[in-house]
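Residue-level structure breakdown
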Amino acid sequence: MKIGIVGTGNMGRSLGILWAEQGHEVFFGSRDVEKGKATAEFARRKAQGGTNEQAAAFADVILWTARSIMPKQLLSHPEVLDSKIIIDCNNQDIPEGFAYPPIVESLAEKLAQDVPQARVVKAFNTMAQEVFELAPEPLKNYGVSVFVAGDNEQARKTVMGLAQEIGFLAVDCGVLRNARLLEGLGDFIRLIISGQKQGAYATISINVLPTASGQRLGGRQTSSLN
Ligand SMILES: NC(=O)c1ccc[n+]([C@@H]2O[C@H](COP(=O)([O-])OP(=O)(O)OC[C@H]3O[C@@H](n4cnc5c(N)ncnc54)[C@H](OP(=O)(O)O)[C@@H]3O)[C@@H](O)[C@H]2O)c1
């Protein structure tokens with residue numbers, strides 16, 4: 001697969017290297033051509049580096065790490081993104097005291113509005129960069145969830161595959177509107193990581209337990225709440 005990285009920072013570099021290791025053709029895009037090229041050299045394998053414009057034009061799947069910078073602002077030809085998959089890994093900036101405003105529209109939905117012909121998928125926003133350093137081994141021993149939301153089912157499946165290849169368990173979270181919930185999870189995990197000093201290796205995952213052998217509590221009954 002051809003993967004473009006827009007914004008070669010912590011997330012772009014980490015995920016780009018992991019996908020390059022899996023044999024994908026990765027193009028590291030940056031505002032600074034030399035930084036893009038240097039990261040490609042660091043990644044080795046089939047990686048290339050250059051501008052964000054080149055990364056967007058090159059790839060079938062684009063990781064968008066430039067939070068709140070919209071394609072129409074950053075690219076002179078945003079239409080190169082039409083029909084392509086854009087992975088949005090962004091979380092809002094951490095406000096003073098973790099006093100997050102309610103999410104009434106996700107960053108991913110805003111991105112999708114800017115490029116309505118692209119297929120935006122929310123993913124990779126609920127774990128810290130440090131977790132990627134464990135991928136794919138020994139990460140795959142820990143069953144860490146990557147939550148994936150997007151309106152196009154095929155695009156979701158593609159991103160789930162990219163998550164699984166590097167050692168995560170992908171969880172299909174349905175339509176892009178659900179990115180509001182996932183971004184809330186991204187805010188929550190950062191509270192746990194930073195605010196409560198659990199450290200950057202704390203993660204949020206879905207665990208499915210075995211069915212209880214009996215129902216000594218009476219089992220689930222119809223709610224009488226209106
Ligand atoms: N780091 C984490 O642990 C983590 C985990 C989950 C989600 N996230 C989310 O992922 C996103 C990226 O995080 P990150 O840690 O990778 O941040 P980062 O290291 O700061 O990288 C973001 C990159 O975006 C580009 N950028 C910044 N300002 C820009 C601008 N005005 N115009 C165009 N490009 C710009 C820069 O790339 P160039 O210098 O190459 O242009 C920068 O390196 C954030 O929304 C963050 O909340 C981060």
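For the structure, see preceding data.
The notes below deal with the structure included here. (Residues numbered from 1 in each chain as written. Predicted model: local features only at pLDDT ≥ 70, side-chain atom pairs only at ≥ 80, totals over all residues. Heavy atoms only, no water.)

What follows covers the side chain of Thr 126. Its place among the elements puts Thr 126 in the loop between β6 (119-122) and α6 (129-132). Those residues in contact with Thr 126 that lie beyond four places of it in its chain are Ser 145, Phe 147, Leu 182, Leu 185, Gly 186, Ile 189 and Ile 204. (Helix = DSSP H or I, 4+ residues; strand = E, 2+ residues; numbered from the N terminus. Contact = heavy atoms within 4.5 Å.)

Let's shift gears to the pairing of strand β4 (residues 61-64). A regular strand carries its side chains on alternate faces of the sheet. Every second residue of β4 is oriented toward a common face, with Val 61 and Leu 63 on one face and Ile 62 and Trp 64 on the other, all of them buried. Both β4 and strand β5 (residues 85-88) contribute to a ladder of four bridges, which runs parallel. Its bridge partner lying in β5, Ile 62 is registered against Ile 86. (Buried < 20%, exposed > 50% of the residue type's maximum accessible area, 1.4 Å probe, protein only. Pairing = 2+ DSSP bridges.)

Once that is clear, we can look at the site of the ligand. Every one of the 21 residues lining the ligand counts as a neighbour, but Met 11, Ser 30, Lys 35, Asn 90 and Gln 129 are closest to it. Separating an oxygen atom of the ligand from a side-chain N or O atom of Asn 90 is a distance of 2.7 Å. Relative to its unbound accessible surface of 880 Å², the ligand loses 74% to contact with the protein. Considering only residue class, the shell around the ligand consists of eight nonpolar, ten polar and three charged. (Near = heavy atom within 4 Å. Polar contact = N/O pair within 3.5 Å; in protein donor to acceptor, adjacent residues only side chain to side chain. Areas by Shrake-Rupley, 256 points an atom, 1.4 Å probe, with all protein chains shown as cover. Nonpolar A, V, L, I, M, F, W, Y, C, P; charged D, E, K, R; others polar.)

Summed over the entire model, instances satisfying the criterion amount to six aromatic pairs. Taking the centre distance of 6.2 Å and the plane angle of 75 degrees together, the rings of Phe 124 and Phe 168 count as edge-to-face. You can see Phe 124 sitting in the loop between β6 and α6 and its partner Phe 168 sitting in the loop between α7 (153-165) and β8 (169-172), a full 44 residues away along the chain. Overall, Phe 124 belongs to the buried group, its relative accessible area being 1%. By relative accessible area, which is 3% here, Phe 168 ends up buried. Put simply, the rings of Trp 19, Phe 124, Phe 132 and Phe 168 pair up and form one aromatic cluster. (Phe/Tyr/Trp six-rings, centres within 6.5 Å; stacked < 30°, edge-to-face > 60°.)

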